[in-house]
Amino acid sequence: MSKGIMNRELTRREFMKLTGKGMAGVALSSSLLRLFDCTQAQAESGQVKVYPNSEYVLVVNKAKCTGCQRCEVNCTLTNDGKAQPYLSRINARDNFQFGPKVNENYLTAAGFFGDWSVEPATCHQCENAPCMLACPVGAIYPDPLTSVRLLDQEKCIGCGACVAACPFGMPKIDPDNGKSTKCIACGACVAGCPTSALKIVLWDEIAAAL
Amino acid sequence: MNGWTGKLLRVNLTTGQSAVESSEKYFDYIGGKGMANRIIYEEVPNGTEPTAPESKIVMAIGPNTGTNAPCSGRTTLAFLSPFTKYNAIVDAHVGGDTAVMLKGCGFDAMIIEGAAANPVYIKVIEDEVTVEDATDLWGKTTTETTAALCEKHGAGVNVMSIGQAGENLLNLSCVISGVAHSAGGGIGKLFGSKKLKAIALYGKKATQVADAKRLLELNNYIMSDLMGANNNHVVPTVPQSWAQYSNKSTRWTGHPGLTWGAAEGGPIDTGESAPGQPTLMGYRTQKAVFDHGPVAEKYTVKMVGCTSCPIRCYGGVNVPMLEGVTPNTTHANTCIGNRPYVGLLKNYQDVHDEGDGRMTAGVYSAILADDYGLWDNYGELNATLNYFINNGLMEKIMTPEQYAEIDWTKRETGDMTFIKDILERVVSGTHPLSTLAQGAYYVDQQYHDILGDDYLNSSAMTLWGLIGAKRHHGNECAAQVGMLTNIIYNRDGMCHTIVNITGSGLPYEIQRNIVEEHFGEGCLDKPKNYTRMNEAKARFAKFGVVRQVLHDSFTLCNWVWPMTFSPRKERGYKGDLSAEAKLMSAVTGKEWTAEELDFAAERVIQLHRAMTVKSVGSRDMRNLHDVIPEYAYTTEPDVPVFTEGTVKMEKEDWQLALSMFYQQFGWDEQGAPTRETLEKFGLADVADDLAAANLL
Amino acid sequence: MDDYQALENNQPETTAQTDELQQTPRQIAAAALADVLYDRTAHSKVTSAKWLKQNAPKEVDRAVMDELLAAVDAGKGEDDLSHIAMTRGGKDKYYYNASIMTQEYARLDAMLEDKDILKTIATVTRSDCKLYPRPTEFSKLMGYPFRFSLDEVEGAAARMQLREEYGDIGVVQASNGAKAFYSSQFVKEGYARALLEGSEVEAHEWP
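All values derive from a computational prediction rather than experimental measurement. Think of each chain on its own: its residues are numbered from 1, step by step along the sequence as written. Chain letters and ligand numbers both follow the written order, the letters beginning at A and the numbers at 1. Reporting of local features is limited, given that this is a predicted model, to residues whose pLDDT is at least 70; pairs of side-chain atoms are given and counted only at 80 or more, and all residues count toward the totals for whole chains, interfaces and linings.

**Q** Even after reading the chapter, I still don't get the overall build of chain C, so can you show me in this structure?
**A** Along chain C, the regular secondary structure elements total nine helices and six strands. Field definition: a residue is buried when 20 or more other C-beta atoms are found within 10 Å of its C-beta, exposed when 12 or fewer are, and partly exposed for counts in between, with C-beta atoms placed from the backbone. Across the 207 residues of chain C, 37% fall into the buried class. The contacts in chain C between residues at least 6 apart in sequence include a share of 56% that link residues at least 24 apart. In this text, helices come from DSSP runs of H or I with a minimum length of four residues, and strands from runs of E with a minimum of two, each type numbered from the N-terminal end. Once C-beta atoms are placed from the backbone, any two residues with those atoms within 7 Å are in contact.

Take a look at the structure:
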């Protein structure tokens, strides 16, 4: 098992070197493309984003996203015991119509009113996570085994520092309990996507393909 | 509180004030249609003009809305019909994002009353409710309105708006939510009469559920084991390796080699999406190809649809041939909505491939119609326009100058701009063509001297009844069973419970055996091979509407639900008719059975029927409301009734069908609810009300 | 010391899985054969005996393959071949993984592999007319997975008229020109035409 983690970490570093901040402009092997379920053209066009964490890579393909928002409620039903798209750690509801904001060229830009592309936004599981660094009580911490950035709700004081710190707007304060929430890479969103626009690819599989 | 929010929002457009009230007293009516109908019953006096300030619009959702139950993103709006005889209670249903957003705002319902002096929009952004000036928006298309309000309030805001059709008070006008989801029934006219241009919603609240884990498991079970494709067709159109059967007429069009041809980055193959794969089921329904033909494959970007729905029945296309012709080249809709006025042309001008002319004209007409907020009464407006053209009646309703202004030759040459020439005059509200958008009943009222009796009774119109509502669906899908479902309503029936069964794609024997288990021998005829009415058919027809009303109250999409069948051969293709009750139990924390839920839905039907009786002003529903047009009896004249090859009905048999159907609901021989029945459903006050009006 | 090093120190050294099953050559051959058949079935194809003879996996001895397939033919596929079934076509035997392909589809694909268009059309038409009932549209036969050309379908219609064994197969036409085959064994011509009119024309004009 330990060897597996070491291998995983190596693969992650290799992968990050290869894909950098994204997949655009990267030539991927056919087996890697098959794993990510996209073509080279799709990877090059920037429509496929990857979110690596210590367990797996979350692949988001905006050509396949149909804006159904099932990912959002799967997330909160799984993690918060209620259905609350606002609180979800993956967000399509705010950008599926026009992209993040309405531009003058909205009829040809992203979103349902334009070119149909929808890019659900989610946690990047940052190495030097701003949310983790901003938390005054250390409620956000890396899981010792997987290093996924988790949140200890007992410690959380609901100050909102993580909300302000995150450049992607991901953590939110739950209005029902006053605590912060964040993505813990549970995969519920992936299980809820009817078009496999979200895909989990395990590091072992990537190692084989690299 | 689980499921429901327990609150409703009342907005008065005369005063501009709003109030939050409890919705709990309406829970016996479930929510959605039930809640909305009850509120209209209590607050809008019988005989109120639909467009009067005292007339109200109630928008409502149910305990199941927002829970991620598959296909739970539906909102029901109840109001008095402006376009059918008797102006009785009707519901419109709209998908998109509205339902989940209304829940997110914390409301089970919104009551809109009064009328503004100047154009306004209702803004509900989190906890702030205001009535805002919409003068700048008046005259804008629904697309422009949505973009303007999202620019102002946030890109994720859900906007429902009217276009010119509603502003100009056409009966056949709708409200458009988001990109192309429509609430019809003439509600655009009510919005317009209240000077209500739009509603903008954005909320962050939760839908609380009793057992989230159970709900997640249930949702997965429904999607893995019970759901097929659009209309819950459980058999694919082409043979596939995992399937025993295939049936070319179903909507499970996805298969290897059929793609979303214009997808970003290259075509995406719809492939084989066998049962048990919820993460692929969104590829089963390639609706652009189904509606526009094979030529649409390469213009299909992706399928879209309502929030929470894994079926994705809206075919999103990008048609470059519309560059410079329409404001945008992309559109999505489904069924008639994809090609509402393509039938106005007699030919089509193909550009690159055979069939792309018809597709382009279809998308063109859809963009126009949705931007105008023009409703078509399930194809009736197109049929009426054609009826007037084909029977030489256009010249009789216009001046020679007005007639000469229109280039009628475009119809023959297939110049699609003919559609705009017609529709822009229709939506103006001031041209004689506008009078053809009143709904068939009022068109007949105005032009009976030149229409005669043929128009309302004609197979060219295929109405379900003489109150002016379109057949959607009826005898063409399931004999008396299909036709009976319509009489409950004061608009097109839209009951998909039955047609989903007949169109499922399964072999007849399998379908028959499964439904006969529920309703008895003889309930399901072979296609176009009908038999006389029987009790089993009456039970089947009742089930059809009870479930539909349950879905419209719960909410769920009746275009997919109930789960009568399953695509799984391991289940013998049997579905699970207790799935709704299981959802209700997981959400509310109280155990419900299917019978209990159906009983609550039937309560809503009993109320709705009583309200209709009041509007008709007579108990004689049999002769004043439940009358089907002549074409139903005369279609396929060379084929005798109840033999193979015809869908015709027979007059005596129809009267027997009505009698049996009335009995199922506990109504008298005239089709009116009795005191005993009303009291059984806890509607003693409604019985008293009817009695006071001599209608009991 | 970082987390990973601590874990390394605490965990016993694990070796790769050593308790591999001791498989006989026959079992290895069965597994290899099953793999090939699974892969081809997953691509919606049945596999003819002839193809297997020409493309046998290297682990599979010819004689052993014959024995293994004979067992499958008898419904007694061994070990990994227990999910493999055989359907007999007109020209060969065809193998497929029955856990991911239905017998119905296997039979259809076998007919397509046989390239006997008359038999294919007649079989499908009789089945459609018996089950649903519905006639078999020419357009269905031109689409996936049949992919016959219009010429081939029209030609087949003409040829079937000359063959007694296809005496029950006829053609009906809808008002929009669409044609379909029907079998008089199961439906009358008039009924077939009415059904075709319903699916090809009425369903689109009056949905």
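**Q** I would appreciate a short explanation of the packing of helix 6 (residues 212-226) of chain B against helix 20 (residues 579-588) of chain B in the present structure.
**A** Between two packed helices, what matters for the description is the angle formed by their axes and the separation of those axes. All names here are of chain B. To obtain each axis, a line is fitted to C-alpha atoms, and for helices this fit is confined to the stretch in contact; angles are then taken between N-to-C directions over 0 to 180 degrees. Here helix 6 crosses helix 20 at 160°, and the two axes come no closer than 9 Å. By the angle between their axes, helix 6 is roughly antiparallel relative to helix 20. Crossing geometry of helix 6 relative to helix 20 is assigned as left-handed. Listed contacts from helix 20 to Arg-214, Leu-215, Leu-218, Ile-222 and Leu-226 of helix 6 are Ala-579, Lys-582, Leu-583, Ala-586 and Val-587. For classification purposes, angles smaller than 35 degrees are called roughly parallel, those larger than 145 roughly antiparallel, those between 65 and 115 roughly perpendicular, and all remaining angles oblique. The crossing is said to be left-handed when, going from far helix to near helix, the turn is anticlockwise and less than a right angle, and right-handed when the turn is clockwise.

**Q** Can you help me understand the nonpolar core in this one?
**A** Note that soluble globular proteins tend to have their nonpolar side chains buried in a common cluster. Counting residues in each nonpolar core, the largest one holds 293 residues, and the members touching the most others are Val-58, Leu-77, Ala-109, Met-110, Ile-187 and Ile-419 of chain B. Per element, the largest residue contribution to this core is ten residues, and it comes from helix 21 (residues 594-616) of chain B. By our criterion, buried Ala, Val, Leu, Ile, Met, Phe, Trp, Tyr and Cys residues that link up through C-beta atoms within 7 Å make up a nonpolar core. Grouped together as the second largest cluster of nonpolar side chains are 23 residues, Val-124, Val-153, Met-160 and Leu-195 of chain C included.

**Q** Quick question: what am I supposed to make of the sheet that holds strand 10 (residues 198-202) of chain A here?
**A** Sheet strands line up and pair through hydrogen bonds in the backbone, either parallel or antiparallel. Residues and elements named next belong to chain A. Note on pairing: two strands pair once DSSP finds at least 2 bridges between them. An order of 1-2-10 is seen for the three strands of this open sheet, with the pairing classed as antiparallel. Both edges of this open sheet fall to strand 1 (48-52) and strand 10, since each of them pairs with a single strand only. For this sheet the average axis-to-axis angle between neighbouring strands, irrespective of direction, equals 25°. As paired strands, strand 2 (residues 56-61) and strand 10 are joined by five bridges and run antiparallel to one another. The partner of Leu-58 across the bridge, within strand 10, is Ile-200.

**Q** I would appreciate a short explanation of the domain arrangement of chain C in the present structure.
**A** How big an interface is tends to be stated in terms of accessible area lost as the parts join. Annotation of chain C at the domain level lists domain 1 (25-110) and domain 2 (116-205). Look at where the C-alpha atoms of domain 1 of chain C and domain 2 of chain C centre, and you get two points 32 Å apart. Each domain's limits were defined by an automated method or a database of domain assignments.

**Q** Honestly, the pairing of strand 4 (residues 75-80) of chain B in this entry has me stumped. Any pointers?
**A** Within a regular beta strand, the side chains point alternately toward one face of the sheet and then the other, so they alternate between its two faces. Residues and elements named next belong to chain B. Taking burial as the measure, the six residues of strand 4 include six buried ones, the bulk of the element. Neither face of strand 4 is left uncovered, since the one carrying Thr-75, Leu-77 and Phe-79 and the one carrying Thr-76, Ala-78 and Leu-80 both have all their residues buried. Inspection of the sheet shows strand 3 (residues 57-60) paired to strand 4 by three bridges, in the antiparallel sense. Each bridged residue has a counterpart across the sheet, and for Met-59 the counterpart in strand 4 is Leu-77. As judged from the six bridges shared by strand 4 and strand 5 (residues 89-94), these two strands associate in the antiparallel manner. Note that in strand 5 the partner of Leu-80 across the bridge is Ile-89.

**Q** Can you walk me through the domain arrangement of chain B in this structure?
**A** All names here are of chain B. Assigned domains of chain B: these are domain 1 (7-202), domain 2 (227-430 + 437-442) and domain 3 (475-561 + 593-692). Using only C-alpha atoms to locate each centre, domain 1 and domain 3 end up separated by 29 Å. Facing the 32 residues of domain 1 at the interface are 23 residues of domain 3. Going through the elements one at a time, helix 1 (32-43), strand 4 and strand 5 are the ones with two or more residues in the side of domain 1 that touches domain 3. Take the side of domain 1 that touches domain 3: its biggest share by element is six residues, from helix 1. A class-by-class count of the residues in the side of domain 1 that touches domain 3 yields eleven nonpolar, 16 polar and five charged. Here the term charged refers only to Asp, Glu, Lys and Arg, the term nonpolar to Ala, Val, Leu, Ile, Met, Phe, Trp, Tyr, Cys and Pro, and the term polar to all other amino acids, Gly among them.

**Q** Help me understand the interface of chain B and chain C in this model?
**A** Listed per partner, the contact involves 25 residues of chain B and 26 residues of chain C. Among the residues forming the side of chain B that touches chain C, the class breakdown is ten nonpolar, nine polar and six charged.

**Q** Looking at this structure, I do not really get the pairing of strand 12 (residues 196-202) of chain B. What am I missing?
**A** Residues and elements named next belong to chain B. With respect to burial, strand 12 is a largely interior element, seven of its seven residues being buried. The sheet contact formed by strand 7 (residues 120-125) and strand 12 spans six bridges and is parallel. Within the sheet, the bridge partner assigned to Val-124 lies in strand 12 and is Leu-201. Bridging between strand 9 (residues 158-161) and strand 12 involves four bridges; their strand directions are antiparallel.

**Q** Help me out: how do you make sense of the interface of chain A and chain B in this one?
**A** Each partner contributes to the interface: chain A provides 45 residues, whereas chain B provides 46 residues. Breaking the side of chain A that touches chain B down by element, the ones donating at least two residues are helix 3 (40-44), helix 4 (70-80) and strand 3 (82-83) of chain A. By residue number, the principal contributor to the side of chain A that touches chain B is helix 4 of chain A, which donates five residues. As defined by bridge partners, strand 3 of chain A adjoins strand 13 (residues 207-208) of chain B across two bridges and the pair is classed as antiparallel. Its bridge partner lying in strand 13 of chain B, Ala-83 of chain A is registered against Thr-207 of chain B.

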